[in-house]
Structure formats: C-alpha cells, structure tokens
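Coordinate analysis (summary)
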Amino acid sequence: MKDDPIARVLDDLLKLEDILACMVARRNMISVMPSGEGFKPEVNQIWDNIHRAMDDVFGVISAYSQIGLGEMEFRLQDYEVLFYVFPDTENALVAIVPTLANKGLLEVEMENARREILKIMNPEKKTENVVSR
Amino acid sequence: MQEFEQIPKPLMDQPTSTLQDVSKKKEVAVLPDVEAAVGMSRKWDAREAGRDVAENTIRQLKTPPDFFLLFSTIHYEKYGGFQEFLNGVWDVIPKETPLLGGTVTGFMNNYGCFSRGASALAVSYPYMDVAVGVGKNTKRNPNRAAKQCAEMIQKGLKESLYKNKFLLTFISGPVMPSIPGVGQKKYIRSGFISKFAMQALGLSQALVQKGLAREDEIFEETVKQLPDYEMILGTSMDDHRGMKNYQFLNNQILTNAVVNLGLATDLDLGVCTTHGMKETNRNFTITQLGAKNHAICKINHKPAVPELLRLLNWPEGFLTEETLIHTLLYYPISLRRRGREVPIVMPLIMKDSIFVPCIIDDGDVSILTVSGKDLINAVKENLHNFDGIQPEFGLFSTCMTILQTLGRKTNIVQEELCNYFKDKSFLLFYSAGEGTYSLRKNITYANMSFNTAIFGHQKK
C-alpha cells in the first residue's frame, strides 16, 4: 500500500486539518485508502452510519456517472461526505469533512487530487495541469 | 485605457544611469526581454518546500531576479515553520534579491489553483528599479506604519528615472480575537456578549493587535504618500479562519506589518478592479454607526440585523454561523467612504449590529447580489481592460471569499487567465481585503473583487 501513488495522493489530502477521512471507493468496496494510520479518530464514532449511507449514494453514482454526474455530497449529523466521481466510472474520490469546514478551500484540493489520481489511472491520457510533488 | 497611454520612449532615450547596474544595461542592444518566472511547491516540509519553490522559479531565468514575490499557505507553520521555509528559499536565490510576500488563503498560477503549497514570481528586467519597504504595528497604528513603509519606497526609488511606477502593498490581515466562552465565531447572538465583544475588540486591537487589519486606512495613507504610483493592495491571511498570518520581507518573518514592493520601470503597466456585484432594488439608510465607524448599529432607525432580515425577506432566526457563510456572503452591500463606493461583505454579526471590515460613512446603502457566474464574468471584464497590452507578467490579489464561493470551479478562472497570458507568467493570491489605486481612477477598495496589475508592452 505504501508504494501506491494513489495512496500517496490520499495521504496528502488527509494531512489537511478538515479532511477527516478520504478514500477512493465504489459501491461496497473501498479501493484505496491512505497509507498511514488511516482515518482521523473522530470519524470512528459515526463511520458505520456514514458507510451505509455512502453505499446508497454509490447506487446513484453508478446509475448516473455515464451521463455526467460529477459530484455528490450529503450531510449526516455534524459531517459532510463529498464524492468526486471519476468520469464514466462508478468510482469516486470520497472525503469526510466537518459540517462547518471551509468547504471551498477543500474543494480546490479535492479537485487537484481527483486530477492527480486520474493521471495515475490513465497515464497516457492528457489531464489538466498537475504539479509534481 | 489610461494606464497604458504612456507610450514607451525609443530605446535610445531610455535612462541609463539609474539604480540598476549599468554594466547590465550595456549588454542590451535591442528591446530587452522581460524574464518572468512563476514556480511552486507542493511539498509539506517547510525547508524542502522553500528550496523547491525557489528552484522551480529561478531555473526558468537566465539572469538573477530583480525581485522575488513569495506566497504560501499557512500549512508550513506546522511543518517546520516559516523561518525554515524562508531559509529554504535563501538556500537557492541569490543574496540581496529583494524578497517580499506572506501567507495567503490560496493561490493560482500557470499550473493551476491551490489552497495548499507555495508559489513565487520572480522577474528580471534591465530597465526596472526596485525598492522594498516595511512598516510595523499596523493594527495599532496604521498611519505610522504606512508612512514608514512609503518613505522607504520613496527613498529607494528617488533616483530612478523611469516614469512608470508600481507598488504592491501587502498588509497583515485581520485576526479574530477569541472571546472567552464564545471562541472565534462570526455570529454572536447574545446581546450581552456582543456588547462585551464590541468593547473588547477595541482593546484587543490596541493592546495585542488582534482585530481588524485596517488595510483600508493603510492604503489611504500610502496613496497620500505615493500618489503617482499605480497600486495593488493585498492582505496576508491564513486558511480563512482568521487566526494568524505572516509577512515575509527578505529573510524576516513578520506579523502585523505592511510590506511594500516598489517598481519604477519603462514597462507599460496598469491596474484594475472588477467585482461582478449587481445592485438589487433593495436599499436602506444607515442611521447609526458604532465601533469607530466599523459597525452598522441601526438602519432606517431600527436595529440593523432584524431590519436587514426584513429587507431581504429572510425569517427571524434564519442567520446562524452556518447560514452566514452560505447566504449573507452572496448579499454584499454597497457602502460609501469619502464619496467612494465601497462594496463589502458582512463578515461578522454581533446581535443586532453588522461589523464591516473597513471604516465607512453613514447614509444610503444598496444591497447587492453576486453569483458564481457574475464572479467569473468579472474576471473576463477585468482582462478585457487590458486588451491593448501585450502582457509580460501579471499579479492579482483576489478576495478569499471568491475562492470559498467558487470552490473547485475556481479552475474556470484559471483557464481564463491562462488564455490571456498564454506562456507568460501570472500569480494570483487570495487575501482578505484588496483593491487598486491609479491616478485616474483613485482608490478602489472592494470585497469579493479581482484586482489586477499587468506589466507588458503596448500593442502596436
């Protein structure tokens, strides 16, 4: 897992204070998680509920990603879950953030992460500017 | 556009004995190249990031930079600290390079849009003189800080023969004082705490320099001191929380300071502010101000907040810490200051009073509105003002609320800028109080605005 370049992108996201958890996932399956110590502890108390809700959202994503569904989000108690869908797939970059987080700033880095992951997944395909780290 | 009407003189007439090294100029026989490079780093470790951003920038230049602008997000505070970050930069860039900058909410450049990392703009050009200035204790005594800083620029450029003058004034942004039992909230419901907070804010401002940035006052004084400069104003900030911010000047890390970069050059240059805010048909009159004209206490002779809610047809109790971000920021208001229009957002509510980030006058006010599309159109409108210029490089200060509002769609703005600049370098930083000044347009200070300074050559 440590050498997985996608996990390294997730590691970077998780270092942001308001990203409590992040992963690349699809329905019933978390494909890639950060390589470090996993999610931040405060997510644990609500993880089971969030996980169940996430699976339902992935049902919608798999139904509509082919016709351009790009992002989704839902709020559960004091948390928001953001889904950045990889175009034409049933996979999404998912992040759990506190409700009162500065979401605009996080969105910018989520989008950069999505682009980086796309570049890793499709190295031959030209994606938007991504700066090497 | 007025700013570009200064047609450059033929090359032979250009001054040669200025602050620049004369030998550097003698090598230039034809119209010299402006070398401008933008670099960035996404590394986490402060020292490594400093080195990385400097290397990525400098390696694009053939000659040493005449100045180095450096902006970073607040993250390096926890990953080695800003002194280490600057040390990393100085491991790479030539000694004596004027360096200026500070922490910002995010930045945009030729590579993308980022709310984490560091970016720099370095420029090398033979026909340009450079000076830097600093003024301290901006929150306690803004006028004195502005004067100190402007004097350094005046002194540094007094022998320059170039007529086109530019100033970047970068000021420590607001820091929210923490109120006991409340913390750093943007909406205080309790009347008692609001009353206490209003008084505490004044004390905090003077004693510990936590409070409003007072960038509007510094900007006004700077304009008074240096009226023949085209100026762009930006403020230093953290990640939108308003807890701390730092300014960089050469190898120093500063707080509560104003740092200025002054340029005198033969390059054509211009500044412009656009904001995209539109008037609604809702107006009111400010009938009572407070907190040294920073708080709107009464509008239409009634307590300000309930009356504002009535005018907006919003139910009582609608505003909360959360809805404030999602609603009120989209309804800025157009205030007046010394006859100028000042569109601002309402960032802080204390019971029935609305706190504003700058000194305002009472009188008639329009409620404005703005959408994401309006903000993007404001960028197009701004760049349209520079159609007559062949850009060499550009610098932008933009409201952090725009970054917060547009989120990932900020990339649309980046695409607009890339289309305009093509392979030329640009750097945009997000701040918390911005504006421009030119002799022709006077001061334009506005929240939610795009502020541009473009350097280049008039198209023939």
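Right above here is the structure, for reference.
What counts, and at which threshold
- Residues numbered from 1 in each chain as written.
- Chains lettered and ligands numbered in written order.
- Predicted model: local features only at pLDDT ≥ 70, side-chain atom pairs only at ≥ 80, totals over all residues.
- Heavy atoms only, no water.
- Pairing = 2+ DSSP bridges.
- Helix = DSSP H or I, 4+ residues; strand = E, 2+ residues; numbered from the N terminus.
- Axes fitted to C-alpha atoms, helices over the stretch in contact; angles between N-to-C directions.
- Contact = heavy atoms within 4.5 Å.
- Buried < 20%, exposed > 50% of the residue type's maximum accessible area, 1.4 Å probe, protein only.
- Polar contact = N/O pair within 3.5 Å; in protein donor to acceptor, adjacent residues only side chain to side chain.
- Left-handed = near helix turned anticlockwise from the far one by under 90°.
- Expected span 1.5 Å × (residues − 1).
- Buried area = accessible area lost by both parts, 1.4 Å probe.
- Salt bridge = Lys/Arg side-chain N within 4 Å of Asp/Glu carboxyl O.
- Nonpolar A, V, L, I, M, F, W, Y, C, P; charged D, E, K, R; others polar.

1. Things to note about the sheet that holds strand β3 (residues 71-76) of chain A
Whenever strands of a sheet pair, they do so through backbone hydrogen bonds, lying parallel or antiparallel. Residues and elements named next belong to chain A. Here five strands make up an open sheet; going across it, the order is β2-β1-β5-β4-β3 and the pairing antiparallel. In this open sheet, the two strands that pair with only one neighbour each are β2 (29-32) and β3. Across the sheet, the mean angle separating the axes of adjacent strands is 35° when strand polarity is ignored. One ladder, built from three bridges, connects strand β1 (residues 21-26) with β2; its direction is antiparallel. Within the sheet, the bridge partner assigned to Val24 lies in β2 and is Val32. Running at roughly 145° to β1, helix α1 (residues 5-15) makes contact with β1, β2 and β5 (92-98) of the sheet. Helix α3 (residues 103-121) rests against β1, β3, β4 (79-85) and β5 of the sheet, and its axis sits at about 35° to β4.

2. As for the side chain of Lys103 of chain A
Tracing the backbone shows Lys103 of chain A in helix α3. Assessed through its relative accessible area of 14%, Lys103 of chain A is described here as buried. Polar side-chain contacts of Lys103 of chain A include one of 2.8 Å to the side chain of Glu80 of chain A. For Lys103 of chain A, the residues in contact, after removing those within four places along its chain, are Glu73, Glu80 and Leu82 of chain A together with Gln404 of chain B.

3. Focus: helix α6 (residues 215-225) of chain B
Burial within α6 of chain B is extensive, with 10 of its 11 residues counted as buried. Those residues of α6 of chain B not exposed but buried are Glu215, Asp216, Glu217, Ile218, Phe219, Glu220, Glu221, Thr222, Val223 and Gln225 of chain B.

4. As for the packing of helix α4 (residues 142-157) of chain B against α6 of chain B
Residue and element names in this part refer to chain B. Interaxial distance between α4 and α6 falls to 8 Å at its minimum, and their mutual angle equals 35°. Between α4 and α6 lies a crossing whose hand is right-handed. Contacts from Pro142, Asn143, Ala146, Lys147, Ala150 and Gln154 of α4 reach α6 at Glu217, Ile218, Glu221, Thr222 and Gln225.

5. Some details on helix α2 (residues 47-64) of chain A
For α2 of chain A, built from 18 residues, the straight-helix expectation of 26 Å at 1.5 Å per residue is met to within 8% by its first-to-last C-alpha distance of 25 Å. Those residues of α2 of chain A that sit buried are Trp47, Ile50, Met54, Asp55, Val57, Phe58, Gly59 and Ile61 of chain A.

6. Focus: the interface of chain A and chain B
With 25 residues of chain A at the contact, the number on the chain B side is 28 residues. Around 2,400 Å² of area is buried between chain A and chain B when both sides are counted, 48% of it from carbon and sulfur atoms. For the pair chain A and chain B, the number of links is seven salt bridges. Across the pair Arg408 of chain B and Glu71 of chain A runs a salt bridge, and its minimum N-O distance is 2.8 Å. Our enumeration of links across chain A and chain B arrives at 12 residue pairs in polar contact (both at pLDDT 80 or more). Taken together, the elements giving at least two residues each to the side of chain A that touches chain B come down to α1, β3 and α3 of chain A. Looking at which element gives the most residues to the side of chain A that touches chain B, the answer is α3 of chain A, with 10 residues. Classifying every residue of the side of chain A that touches chain B gives six nonpolar, five polar and 14 charged.

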